[in-house]
Amino acid sequence: MAERVLVIGSGGREHALAWKLAQSPHVQQVLVAPGNAGTANSGKISNSAVSVNNHSILAQYCKDHNVGLVVVGPEVPLAAGIVDDLTAAGVTCFGPSAKAAQLEASKSFSKSFMDRHNIPTARWSSFTDPQDACKYIQDAEFPALVVKASGLAAGKGVVVARDKDEACKAVLDIMKVSRCGISVGLVKVSEDVLQEIKRSVLQKTVDGMRAEGTPYVGVLYAGVMLTKRGPKVLEFNCRFGDPECQILMPLLKSDLYEVLKNTLQADLSSSPVQWLENSAAVTVVMASGGYPASYKKGLEITGLSQVSEMGIQVFHAGTALKEGGGVITNGGRVLTVTAVRPTLESALRSANEGVAVISYPDAVYRRDIGHHAITYLTRTRGLTYRDSGVDIAAGNRLVDIIKPLAKATSRPGCNAELGGFAGLFDLKAAGFTDPILVSGTDGVGTKLKIAQACGIHSTLGQDLVAMCVNDVLAQGAEPLFFLDYFSCGRLDVRVASSVIGGIADACQMAGCALLGGETAEMPGVYGPNDYDLAGFCVGAVERGAVLPRLKDIMEGDLLIGVASSGLHSNGFSLVRKILERSGLQYSSPAPFGQPGQNIGEVLLTPTKIYSRLLQPILRSGAVKAYAHITGGGLLENIPRILPPELAVDLDASRWRIPAVFSWLQREGGLSEEEMSRTFNCGLGAVLVVSKQDVQRVLRLLQAQEEAWIVGSLTNKQPGAEAVVIRNLEQSLKDSPGRSPDTSVLQNGSETKPITLALWCLTGTNLQALMEQVKKPSSSAEIVVVISNRPGVMGLKRASMAGIQTRVVDHKLYGSRAEFDGTIDKVLEEFGVELVCLAGFMRILTGPFVRKWSGKMLNIHPSLLPSFKGVNAQKQALQAGVRVTGCTVHFVAEEVDAGAIVVQEAVPILVTDTEDSLSERIREAEHRAFPAALELVGSGAVKLRDDGRIVWNQSVHG
């Protein structure tokens, strides 16, 4: 829903902010307090008479008028704590806190802060006595010629003196007029680079404020002088500059409202700020005659409408509406005339043409604006490499950043020291006797475009390493070392270090060394914000262990599939096309994936690296072949490891297909062949194993990762396909994780998300339910597993299956009601519709049970109503009955007394002990609980208000 925004201030800066905010579809109305003639009743923009000095009144005004965001323009309200007071009152306000605003409000604080955090600034000292200041100026060993008022001075508190006498006069004038403290410093002019300013000034300032317990939120505007010793900070402004803001807003391509909101939510990096390309802006300030000293007010202004027709923006500052119509002057700075054109020369020409049309008595303005810049840009000088767009200094800084990252990947055979012409690896030191080298190279395709659009770069490193390492593994090789290639149009050290840092982390995950790489800045080949990646991995395998072992592979061998994390790094050109067709954005909530994720985050889930998981199994000799399911999907990658006379028979109902594939198939209208030839469909790796070894290999895999027996090898018939995938279309339709509004079973009932609360140590009933919901016919999805004990096996099994888990420890709560209340909040958080209790031994409170009546199942190890409570198996043996079993029932306030859904009998043998009987009852539970789940989840069984069950024959029959 569109919001109302309040802008605080009355100048050209505030008019520009209001003008830009009004362009946002998220903004219903922009109020400006107190505003000026330009912000009075102009489309979405209007003025407000609310007092901005009384923060309590202002906060109440915002609440009464449903103001969703307050944007503070000037520095004085910031220093007075307007952000602190409005935020405390529950009103969202953009700008730094009063404490953070001291960076501008107190020059003494600012200088001390810079000294504390090693931020380059001029030598300085602070005084409250003018005589002490003058003595310092005269005695200083350097030319102390810059005099600044320590407090706020509306941009007029600085004097750059020609000599020491003029500097002393400035001290006396400032102390007489402002009665503030003053700061004195050195300035010398030279050149340096913008990246150095970001690194040594801006980043250090943000980090320093955070370290001192005052995180900076808002606009930070640093005045910097470039010297022979590098950039030196003159001062900080804690808000948009004036008239700088009047140039920035017309050049801003992004939605200003979104930029401010993202900043407040510490999420600005997810949507990088975009600016108009191939555009220049010039602003000329028109002032009153006599400004900054005395000047007249109330002079009529003409020509404003004509300038607007010329495509030139006029931002009002010192203006007011004239009674009876028209606009009059009401301040020193009256108007700012801004023109945006393709070149600086044309923008300057248009701005001056606009100024010439506007008229009021004694108007003054500078006629030399922009000329120095044009002269500088068009000057004749010798070219440098940087003039071509290549920044060697930035490249050197990147190397310094990544050297320790690479060093951390050292392993036997290699110390991963960067800086040489080439890298060395000692195979003998790595333990090889008769090795064969194996190499692989790959990229991450157009997944790059999504990462760049989302501003998320750190995960691409794992994609790159995984794509290369997993290929090398297919030959049975251990990955030894990795090299990367990063090419770009303009080197952004922050982005590049994020990508390469991800590569280094992934190398550690894979067990290989980051031995070297290349960074290539190629302006003209790539756009300024574009980059590309390539990776190279070298591994080794002993001569007798090379895969695939084609002579050993035969009909009847089984195929084990190892789960992927999602799309991995293939098919993204098609993914982007489908997303474009759907009308969704990367920032849109994902109709697949985990709750709270957006589409971009799910699509950028990094590729799994299988080296540490698979290497011990490959070395055992039990695996005859391994296929990395990469570009070409299931149809093209599995045949690459097989003899030509064999074919593949896969059954898609045997593995879990992540919901993202179902969504892509449905939104894109993709055929089964297109899906299986483009995507991995949930399998990142496929192993060929004999029937004798399959269970052993499967157990080893499932201890760490999801894995399934997914098919077998058959003799290939003439003219037959090399790979046949059965049940793919149905499995895609029934894939867990689909949004409820599109999840419809064949019988028409909606999928019901379920959650399990566990006490048991093994989680065997959970495993049975997890297996059940994988079936295409299942009407349920497990969205969360809850336990009141951390570390139980059930939680581990859920996590390995990609299911969310929560621990709510009952020992941390003072009462059962508090404990149950927390459980209830978790269930509500996940949108749970049915709760299954498995081994949950705590008694639930009446209000909780009543709220979840008809939505909560429990399983008990007896044929209820016999043998309620604990030790049911022991009770049955002591009673001498010949039959017991298990019961799944709705939970009621009385223990083990709810309506029965499913029962399964278990005979009691003469030789039975409590343990042997419990084991056979547990096997029955693994059949009964899934059956009950489906009956309730599909709507076949419901609980009436009187506590009795009603059967829906149209569903069940």
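Each value, and the rule that gives it
Residues numbered from 1 in each chain as written. Predicted model: local features only at pLDDT ≥ 70, side-chain atom pairs only at ≥ 80, totals over all residues. Heavy atoms only, no water. UniProt positions renumbered as here; feature names shortened; annotations may be inferred. Helix = DSSP H or I, 4+ residues; strand = E, 2+ residues; numbered from the N terminus. Buried < 20%, exposed > 50% of the residue type's maximum accessible area, 1.4 Å probe, protein only. Contact = heavy atoms within 4.5 Å. Areas by Shrake-Rupley, 256 points an atom, 1.4 Å probe, with all protein chains shown as cover. Salt bridge = Lys/Arg side-chain N within 4 Å of Asp/Glu carboxyl O. Phe/Tyr/Trp six-rings, centres within 6.5 Å; stacked < 30°, edge-to-face > 60°. Pairing = 2+ DSSP bridges. Axes fitted to C-alpha atoms, helices over the stretch in contact; angles between N-to-C directions. Parallel < 35°, antiparallel > 145°, perpendicular 65-115°, else oblique. Left-handed = near helix turned anticlockwise from the far one by under 90°. Nonpolar A, V, L, I, M, F, W, Y, C, P; charged D, E, K, R; others polar. pLDDT = per-residue confidence, 0-100. Arc of directions from axis to C-beta. Core = buried A, V, L, I, M, F, W, Y, C linked by side-chain atoms within 4.5 Å. Polar contact = N/O pair within 3.5 Å; in protein donor to acceptor, adjacent residues only side chain to side chain.

As annotated in an unreviewed UniProt entry, the protein chain is Phosphoribosylglycinamide formyltransferase from Cyprinus carpio. We quote the UniProt Subunit (unreviewed entry) comment for the protein chain here in full: "Homodimer."

## Quick notes on the overall build of the protein chain
Looking only at helices and strands, the protein chain features 33 helices and 36 strands. Taken along its principal axes, the extent of the C-alpha atoms in the protein chain is 110 × 75 × 55 Å. The burial tally for the protein chain puts 50% of its 957 residues in the buried class. For the protein chain, the share of sequence-separated contacts (at least 6 apart) that also reach a separation of at least 24 residues comes to 73%. Approximately 43500 Å² of the protein chain is accessible, and the part contributed by carbon and sulfur atoms is 52%.

## Description of the pattern of salt bridges
Across all of its chains, the model carries 32 salt bridges by this definition. Measuring nitrogen to oxygen at the nearest pair gives 2.8 Å for the salt bridge that ties Asp552 to Arg549. As a salt-bridge pair, Arg726 and Asp649 come within 3.0 Å of each other at their nearest N and O atoms. Remark: Asp649 occurs in strand β24 (residues 646–651) and Arg726 occurs in strand β27 (residues 723–726); sequence separation between them is 77 residues. Among the ionic contacts, a cluster of salt bridges with common partners joins Asp649, Asp651, Arg654 and Arg726.

## What to know about the packing of aromatic side chains
Here the structure, examined in full by the defined rule, presents eight aromatic pairs. Geometrically, the ring pair formed by Phe486 and Tyr531 is stacked, given 5.1 Å between the ring centres and 20° between the ring planes. Here Tyr531 lies in strand β21 (residues 531–542) and Phe486 lies in strand β19 (residues 478–488), a separation of 45 residues in the sequence. In terms of burial, Phe486 and Tyr531 fall into one category: buried.

## What to know about the UniProt feature "domain: ATP-grasp" (unreviewed entry) in the protein chain
Those residues carrying the UniProt feature "domain: ATP-grasp" (unreviewed entry) are residues 111–166 and 210–265 in this numbering. Counting secondary structure, residues 210–265 comes out at 34% helix and 27% strand; the distance between its end C-alpha atoms is 15 Å.

## Some points on unusual backbone geometry
Here Tyr291 and Pro292 are connected by a cis peptide whose omega angle stands at 15°. Mapped onto the fold, Pro292 is located in the loop between β12 (280–287) and β13 (300–301). For the bond running from Leu864 to Pro865, omega is 15°, close enough to zero to count as cis. Checked against the element boundaries, Pro865 lands in the loop between β32 (856–860) and α31 (872–879). One non-glycine residue, His568, lies in the positive phi region at around 55°.

## What to know about the sheet that holds strand β22 (residues 558–563)
One key point about sheets: their strands pair by backbone hydrogen bonds, in either a parallel or an antiparallel sense. As summarised here, the arrangement of the six strands in space is β23-β25-β22-β26-β24-β27, forming an open sheet in which the pairing is mixed. Edge positions in the open sheet fall to β23 (623–628) and β27, since each of these has one partner strand only. Taken over all neighbouring pairs, the strand axes of this sheet differ in orientation by 25° on average, direction set aside. The sheet contact formed by β24 and β27 spans four bridges and is parallel. Counted as the bridge partner of Asp651 is Arg726 from β27. Each of β22, β25 (683–689) and β26 (707–715) touches helix α25 (residues 694–702); the most contacted strand, β26, lies at about 145° to it.

## Describing the sheet that holds strand β17 (residues 333–341)
One open sheet holds the three strands; their spatial order is β12-β17-β14, and the pairing between them is antiparallel. Bordering the open sheet on either side are β12 and β14 (313–316), each of which pairs with just one other strand. Averaged over all pairs of adjacent strands, the angle between their axes in this sheet comes to 20°, without regard to strand direction. Both β14 and β17 contribute to a ladder of four bridges, which runs antiparallel.

## A look at the pairing of β26
Alignment of β22 against β26, held across five bridges, turns out to be antiparallel. Each bridged residue has a counterpart across the sheet, and for Leu558 the counterpart in β26 is Ser712. Here β24 pairs with β26 via five bridges, running antiparallel. Within β26, the position partnered with Leu646 by the bridge is Asn715.

## Re the packing of helix α1 (residues 12–21) against helix α10 (residues 244–251)
Packing of α1 against α10 brings their axes to within 8 Å, and their N-to-C directions diverge by 15°. As judged from the angle between their axes, α1 and α10 are roughly parallel. Along this stretch, α1 crosses α10, giving a crossing that reads as left-handed. Counted together, Gly12, Arg13, Ala16, Leu17, Trp19 and Lys20 of α1 and Cys245, Gln246, Met249 and Pro250 of α10 form the full contact between these two elements. The residue makeup of the contact of α1 with α10, split by class, is six nonpolar, two polar and two charged.

## Notes on the side chain of Thr630
Turning to its location among the elements, Thr630 is positioned in the loop between β23 and α22 (633–637). Accessibility expressed as a relative area gives 8% for Thr630, which makes it buried. Setting aside anything within four residues of it in sequence, one finds Thr630 in contact with Asp442, Met467, Asp471, Asn570, Asn637 and Arg640.

## Looking at the confidence of the model for the protein chain
Chain-level pLDDT for the protein chain is 86 on average; 90% of the residues reach the 70-or-more range. A low-confidence stretch, residues 953–957 (pLDDT under 50), is modelled with seven contacts involving residues beyond four sequence positions or located in other chains.

## Observations regarding the environment of Pro643
Relative to the assigned elements, Pro643 resides in the loop between α22 and β24. Between the alpha carbons of Pro643 and His568 there is a distance of 27 Å; along the sequence they are 75 residues apart.

## Brief notes about α25
Within α25, burial applies to Val694, Val697, Leu698 and Leu701. Along α25, the residues classed as buried sweep out an arc of 100° about the axis, all on the same side. Considering only its buried residues, α25 is in contact with β22, α21 (611–619), β25 and β26.

## Digging into the nonpolar core
By size, the foremost hydrophobic cluster in this structure holds 108 residues, and its most contacted members are Phe482, Leu603, Trp655 and Leu701. The element contributing the most residues to this core is helix α18 (residues 493–510), with ten residues. In this structure, Met770, Ala798, Ala872 and Ala940 belong to the second largest nonpolar core, which totals 39 residues.

## A word on the side chain of Gln452
By the secondary structure assignment, Gln452 is in helix α16 (residues 447–454). Residues contacting Gln452, with those up to four places away along its chain left out, are His457, Asn529, Asp530 and Tyr531.

## Points about helix α11 (residues 256–264)
Counting buried residues along α11, seven of its nine residues qualify, which places the element largely inside the surrounding structure. Against the buried residues of α11 lie β1 (3–9), α1, β2 (27–34), β4 (67–72), β5 (93–94) and α10. The distance from a side-chain oxygen at the start of α11 to the backbone nitrogen of Tyr257 is 2.9 Å, and the residue carrying that oxygen is Asp255. Immediately beyond the C-terminal end of α11, within one or two residues, lies Ala266, with a positive phi of roughly 55°.

## Let's talk about the environment of Lys733
Structurally, Lys733 can be placed in helix α26 (residues 728–733). For the pair Lys733 and His372, spaced 361 residues apart in the sequence, the C-alpha separation amounts to 66 Å.

## Brief notes about the environment of Thr519
Tracing the sequence through the fold places Thr519 in strand β20 (residues 513–521). Taking C-alpha positions, Thr519 is 6.0 Å from Tyr485, a pair spaced 34 residues apart along the chain. Leave out the neighbours within four places in its chain, and Thr519 touches Leu398, Phe486, Leu491 and Ile500.

## Points about the packing of helix α27 (residues 764–773) against helix α32 (residues 914–937)
Axis separation between α27 and α32 bottoms out at 9 Å; the angle between their running directions is 45°. On the basis of their axis angle, the class for α27 and α32 is oblique. Relative to α32, the crossing made by α27 is right-handed. Residue-level inspection shows Thr764, Asn765, Ala768, Leu769, Gln772 and Val773 of α27 in contact with α32, the latter providing Arg922, Glu925, His926, Phe929, Pro930, Leu933 and Glu934. Residues that form the contact of α27 with α32 fall into these classes: six nonpolar, four polar and three charged.

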